[in-house]
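A look at the structure
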Number of protein chains: 2
Amino acid sequence: MARRAKPANNATIIDVANLAGVSYATVSRVVNNKENVAPATRVRVLAAMEELGYQANLNARRLVSGRSYAIGLLVHNLMGPYIGEIMAGIDDVLATSNYELMLFTTHQRREREARYIDLMSSGMTDGLILILPRGLETYIRSLRQRHFPYVLVDHRGFEPTDLYVIAANWQGAYDATQHLLQLGHRRIGMITGVIDMDNARERVAGYQAALEAHQVHFDAELFVEGDYTQLSGVNGALKLLSLADPPTAIFASNDVMAFGVLEAAHACKLRVPQDLSLVGFDDVPMASWTQPRLTTVRQPLVEMGRLAAELLLRTLEDPEHQKQGIVVPAELFVRQSTAPANGGRGATVDVVNGAAAWAEAGSNVV
Amino acid sequence: MARRAKPANNATIIDVANLAGVSYATVSRVVNNKENVAPATRVRVLAAMEELGYQANLNARRLVSGRSYAIGLLVHNLMGPYIGEIMAGIDDVLATSNYELMLFTTHQRREREARYIDLMSSGMTDGLILILPRGLETYIRSLRQRHFPYVLVDHRGFEPTDLYVIAANWQGAYDATQHLLQLGHRRIGMITGVIDMDNARERVAGYQAALEAHQVHFDAELFVEGDYTQLSGVNGALKLLSLADPPTAIFASNDVMAFGVLEAAHACKLRVPQDLSLVGFDDVPMASWTQPRLTTVRQPLVEMGRLAAELLLRTLEDPEHQKQGIVVPAELFVRQSTAPANGGRGATVDVVNGAAAWAEAGSNVV
DNA sequence: ATGAAAGCGCTAACAA
DNA sequence: TTGTTAGCGCTTTCAT
C-alpha cells in the first residue's frame, strides 16, 4: 500500500461521511452543490465538514476530473515594469475565478521549451498565456498540435485562429510620430524594439506611415534597432545624435529606452524638450516621474492582462465558441518631453564629449 | 465510471507497459529511476515511452505521493520593481529543481487569506514564500498551526523559529545617514516606509542611531511616514521642505519615494544635490537612470529571492534539520544625489509655489 | 528482477 | 434522495 504523506489537513470525504452518517457520495454531492440532496442531509453534512475542517483534496479532484484548475503564464523574464502590470491584470481576473496562476519563465535556456510543453500536457495547467517568450513559434506549434488552449499577449500569432491581445501599435506609433511632425520636426529618429517581434514591427510601420503621410523622406540613417533595455536607448541615442545631420526628435519604441535617450541627451548637454523632443511607448508609471515627464503612448498593460485572462477562461469554459484576437487602443499622452522644433538647433551637440561623460558617470553604476 | 477528460496527451503507464511487454509496475520503476530493473528491460521500456511520447500524469503522482511539487509565492501586489526582482531570484532556483511556482496575491481583499490557507492545506503547494503580504500575522499563525513550511522575505517573523531572508536594514540606514552626516548635513529629513513592517522600523532605527552617534539631535519634525509610493515621497518632501528650518538632506526609505522627492525638489526649484542631498534605499535599476543618479542603499533583491527559495527547498527536503533566518548585507552606493552641505541654503525654498507647480504639472498625469 | 495488487481521495454513473 | 461502485494514473509494498 502506498506510503502516506498526505497534506497536513487530513480529514477526508470519508471522515465527513462517517460523522454525518451518510455515504461519501452524498458528501461529494454537497461539496459540489448538486441538486439532489435533502435539505436536512445537506445541513448535517455541512456541519460535519465544518467540525472536521474538511477541505477537498485538490489533487484527487484534479486526477479524476482531468483538470488542474490552474493556468500558466509563460514569460521570458520577470524584471522590468512591463511584465508586472500584465500579471496584475491576469491575477485580477483569476481572483474571481476558480483558477490559480502558475508562473513559468524561459530565461536564457532554450532547452526548457520541451519541458514546459510536457508539464502542461501532463496536467499541470489547463491553459496558457504567453507573453513574448523567446522561441514563441516552437511553443505555439506544440501547443496547437496538442490542442492545448493558449492566448498570446503582444503578438498576433501565426495562424488566423490564434488568440491574442495586442495594443494598436501601428496607430500609437503613427500618432506619436504625427505629434512630432505637427510640432515641426522633420528629422525624427527612431529607436526600435527587437525587430522580430510583432509589436516592434508594427510600431516601425506606424512611424513610417506617418512620415509618408506628411511627405517626409524616410532616412534609414535615423533608424536604429534597440532591444528594449535602457542601455540600448543610450547607445541608440548616442548614435543618432552623432550623425552629421542629427534628429531634432526621437521616438523610442518603449519607455525604458526613452529613459536611456534622456540620459544620453543629458550627457550631450542637450535639453529635453528644448533641444531634443522625445516620445516613448508604454507609459509605465516611471514615465511620469522623470524630469521632464515623458510624452508617451500608453499601452494599457493591466487591461491587456485582464483581457488575455478572460479570453483564456472563456476558451476553457467553451472550447467550441468562436473567439478572436483583441486589439486595444494605444493612446498618446503628451507631457513635457516634446516641444516645437526650433528651426535651427538649440545647442551644439558634442557627442564625443557627451559619450565620454556618460561613460565616466556610468562607471558609478556597479 | 468517471467521465473522461484527460489531458491532451493520453499515453498512460499501462500503454507503455503493454507496448514494452512488462507490467506497469516495472514502467513506474523505470520512470522513477529505481535500482532493480534489468538493463535490457529498462531499454525496452524507455523505447516504448519514447515511441508513445509518454508523460507521467502529474496529478496522479501528486495524489499518491501527497506532494504537489509546487511552491507558492504570496505577495501583496505585483506592480513595482521590487517584487519582480525577488521573483526572478526565486525562479532562478526553482528552475534547477523539480518545483514549479504558483503565484498568489492578497490585493485589497483581506478575505482571501482563508482561501489561500485552504488551498495550501488542500495540497496545492508544498511550501510558501511570503513577501510582506498584508495580514502577515494571520497567515503565519495558520501556517505554523498546520506545520506548513514557509519562508518570509523582508520580515523577521514573530517566533524565533520563523525562517526569513532580510537585508541589513539597520546597517544600511545607518550608513546612508552617516554618509550625509559626514558631508556636513545636520538637518536630515527621513521619509519612512509603512511603519508596521520590520524593514521600515529597522531603517528608522539605523537612521536614529547614526544621528545619535554623531551627537545630532533627533528632531521629530524631520520625520514623516510614507508608504513606499512615489506620491508619498512627493508629499513627504513637500512637507519637510516647507518647515521653518527645512532639512538640507533627505533619506527616503525606498527609491520610489526618493523619485518623489526628486520631483518635489524640482517643483520647488531646488537642485539636487547642490541644494538638497538625497539618499534612497533598494537600488532598483531606475535609481541609476534618474538625473542625477540616485545615491542609494542596495538591497540585493534577486539574491534575496534566491536565498529564500533555497531555504524553503532545503526545508522541504529535510524538515528536521535546524535552519535559521538569513540577513544579507545592504550596501551604500554613492552616486550623484548627495553633496556636501553648503553651510547656508543654496536656494530659497518656495514650497507654496513649488507645490502649486507640481499640482499643475501633475494634472498631466492621467 | 518482475508482477500482482492495494490504495491515494475523489467524481459520477448506476441502482435502489 | 441516497448508496454502491468503478475507475482516474500512479507509487509502493509484498510475493514470486
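Residues numbered from 1 in each chain as written. Chains lettered and ligands numbered in written order. Predicted model: local features only at pLDDT ≥ 70, side-chain atom pairs only at ≥ 80, totals over all residues. Heavy atoms only, no water.

Structural notes on the protein's contact with DNA strand C
I13 and Y54 of chain A together with R29, A38 and T41 of chain B are the nearest of the 30 residues found near DNA strand C. Looking at DNA strand C alone, sugar and phosphate atoms form 64% of those within 4 Å of the protein. Within the contact set of DNA strand C, a phosphate oxygen lies 2.5 Å away from a side-chain nitrogen or oxygen of Y54 of chain A. One of the side-chain nitrogen or oxygen atoms of R61 of chain A is found 3.0 Å away from a phosphate oxygen of DNA strand C. Those elements giving two or more residues to the surface near DNA strand C turn out to be α2 (24–31) and α4 (58–65) of chain A together with α2 (24–31) and α4 (58–65) of chain B. Here the residues of the surface near DNA strand C sort into 15 nonpolar, eight polar and seven charged. (Near = heavy atom within 4 Å. Polar contact = N/O pair within 3.5 Å; in protein donor to acceptor, adjacent residues only side chain to side chain. Helix = DSSP H or I, 4+ residues; strand = E, 2+ residues; numbered from the N terminus. Nonpolar A, V, L, I, M, F, W, Y, C, P; charged D, E, K, R; others polar.)

Considering the nonpolar core
Counting residues in each nonpolar core, the largest one holds 167 residues, and the members touching the most others are I129 of chain A together with I129 of chain B. Ignoring anything within four residues of it in the chain, the contact list for I129 of chain A reads I71, G72, L73, L74, I90, V151, V153, A308, A309 and L312 of chain A. L119 and F148 of chain A together with Y116 and Y150 of chain B belong to the second largest nonpolar core, which has 42 residues in total. (Core = buried A, V, L, I, M, F, W, Y, C linked by side-chain atoms within 4.5 Å. Buried < 20%, exposed > 50% of the residue type's maximum accessible area, 1.4 Å probe, protein only. Contact = heavy atoms within 4.5 Å.)

Digging into the packing of aromatic side chains
Following the criterion strictly, the structure yields 14 aromatic pairs over all chains and no others. Centre to centre, the rings of W289 of chain A and F259 of chain B are 6.2 Å apart; their planes meet at 40°, and the pair counts as tilted. Of this pair, W289 of chain A sits in the loop between β9 (277–282) and β10 (295–298) while F259 of chain B sits in helix α11 (residues 255–267), on two different chains. Exposure remark for F259 of chain B: the relative accessible area of 1% places this residue in the buried category. On the basis of an interplanar angle of 20° and a centroid distance of 5.1 Å, the ring pair of W170 of chain B and Y174 of chain B is categorised as stacked. Linking W170 of chain B with Y174 of chain B, this pair stays in helix α8 (residues 169–182), spanning four residues, or about one helical turn. (Phe/Tyr/Trp six-rings, centres within 6.5 Å; stacked < 30°, edge-to-face > 60°.)

Observations regarding helix α5 (residues 81–95) of chain B
Over its 15 residues, α5 of chain B runs 21 Å from end to end, which matches the ideal 21 Å to within 8%, given 1.5 Å per residue. In terms of burial, α5 of chain B is a largely internal element, 13 of the 15 residues being buried. (Expected span 1.5 Å × (residues − 1).)

Focus on the protein's contact with DNA strand D
Near DNA strand D you find 29 residues, and of these R29, A38 and T41 of chain A together with I13 and Y54 of chain B are the closest. Sugar and phosphate atoms represent 56% of those atoms of DNA strand D found within 4 Å of the protein. Residue R29 of chain A places a side-chain N or O atom 2.4 Å away from a base oxygen belonging to DNA strand D. At 2.3 Å, a side-chain N or O of T41 of chain A approaches a phosphate oxygen of DNA strand D. Elements with a minimum of two residues in the surface near DNA strand D: α2 and α4 of chain A together with α2 and α4 of chain B. Here the residues of the surface near DNA strand D sort into 14 nonpolar, eight polar and seven charged.

Quick look at the sheet that holds strand β3 (residues 127–131) of chain A
Pairing in this open sheet of twelve strands is mixed, and the strands run β11(A)-β5(A)-β4(A)-β3(A)-β1(A)-β2(A)-β2(B)-β1(B)-β3(B)-β4(B)-β5(B)-β11(B) from one edge to the other. Single-partner strands in this sheet number two, and they are β11 (326–328) of chain A together with β11 (326–328) of chain B. In this sheet, neighbouring strand axes are inclined to one another by 20° on average, regardless of whether the strands run parallel or antiparallel. Where strand β4 (residues 150–153) of chain A meets strand β5 (residues 164–167) of chain A, two bridges bridge the pair, whose relative direction is parallel. Pairing of L152 of chain A across the sheet is with Y164 of chain A, part of β5 of chain A. Across the sheet, helix α12 (residues 301–317) of chain B is in contact with β1 (70–75), β3 (127–131), β4 (150–153), β5 (164–167) and β11 of chain B; its angle to β5 of chain B comes to roughly 160°. (Pairing = 2+ DSSP bridges. Axes fitted to C-alpha atoms, helices over the stretch in contact; angles between N-to-C directions.)

Notes on the confidence of the model for chain A
Interpreting fine coordinate detail is not advised for predicted regions of low pLDDT. Residues and elements named next belong to chain A. For chain A, per-residue confidence averages 88 on the pLDDT scale, and residues scoring 70 or more make up 90% of the total. Overall, residues 1–8 carries pLDDT values under 50, and its contacts beyond four positions in sequence, including any with other chains, amount to 13 contacts. Within the model, pLDDT remains below 50 along residues 362–366, and this stretch shows eight contacts once partners closer than five positions in the same chain are excluded. (pLDDT = per-residue confidence, 0-100.)

Regarding unusual backbone geometry
At the junction of V272 of chain B and P273 of chain B, the peptide bond is cis and its omega measures out at 10° in the coordinates. Considering the arrangement of structural elements, one finds P273 of chain B in the loop between α11 and β9 (277–282). Here Q291 of chain B and P292 of chain B are connected by a cis peptide whose omega angle stands at 0°. Here P292 of chain B lies in the loop between β9 and β10 (295–298). Positive phi values are uncommon outside glycine, yet N33 of chain A reaches one of about 55°.

A few points about the packing of helix α8 (residues 169–182) of chain A against helix α9 (residues 198–213) of chain A
The description of two packed helices rests on the angle between their axes and on the distance between the axes. All names here are of chain A. For the pair α8 and α9, the least separation of the axes is 7 Å and the interaxial angle reads 40°. As far as their axial angle goes, α9 and α8 are oblique. Crossing of α8 against α9: the hand is right-handed. Across the interface between the two elements, N169, W170, A173, Y174, T177, Q178 and L181 from α8 touch N199, E202, R203, A205, G206, Y207, A209, A210, L211 and A213 from α9. Grouping the constituent residues of the contact of α8 with α9 by class yields ten nonpolar, five polar and two charged. (Parallel < 35°, antiparallel > 145°, perpendicular 65-115°, else oblique. Left-handed = near helix turned anticlockwise from the far one by under 90°.)

Comments concerning the sheet that holds β9 of chain A
Residues and elements named next belong to chain A. One open sheet accounts for six strands, arranged β7-β6-β8-β9-β10-β12; its pairing is mixed. Pairing within the sheet leaves two strands with one partner each, and these edge strands are β7 (223–225) and β12 (331–333). Averaged over all pairs of adjacent strands, the angle between their axes in this sheet comes to 20°, without regard to strand direction. Where strand β8 (residues 249–252) and β9 come together, three bridges link them in parallel fashion. Its bridge partner being in β9, A249 is matched across the sheet by S277.

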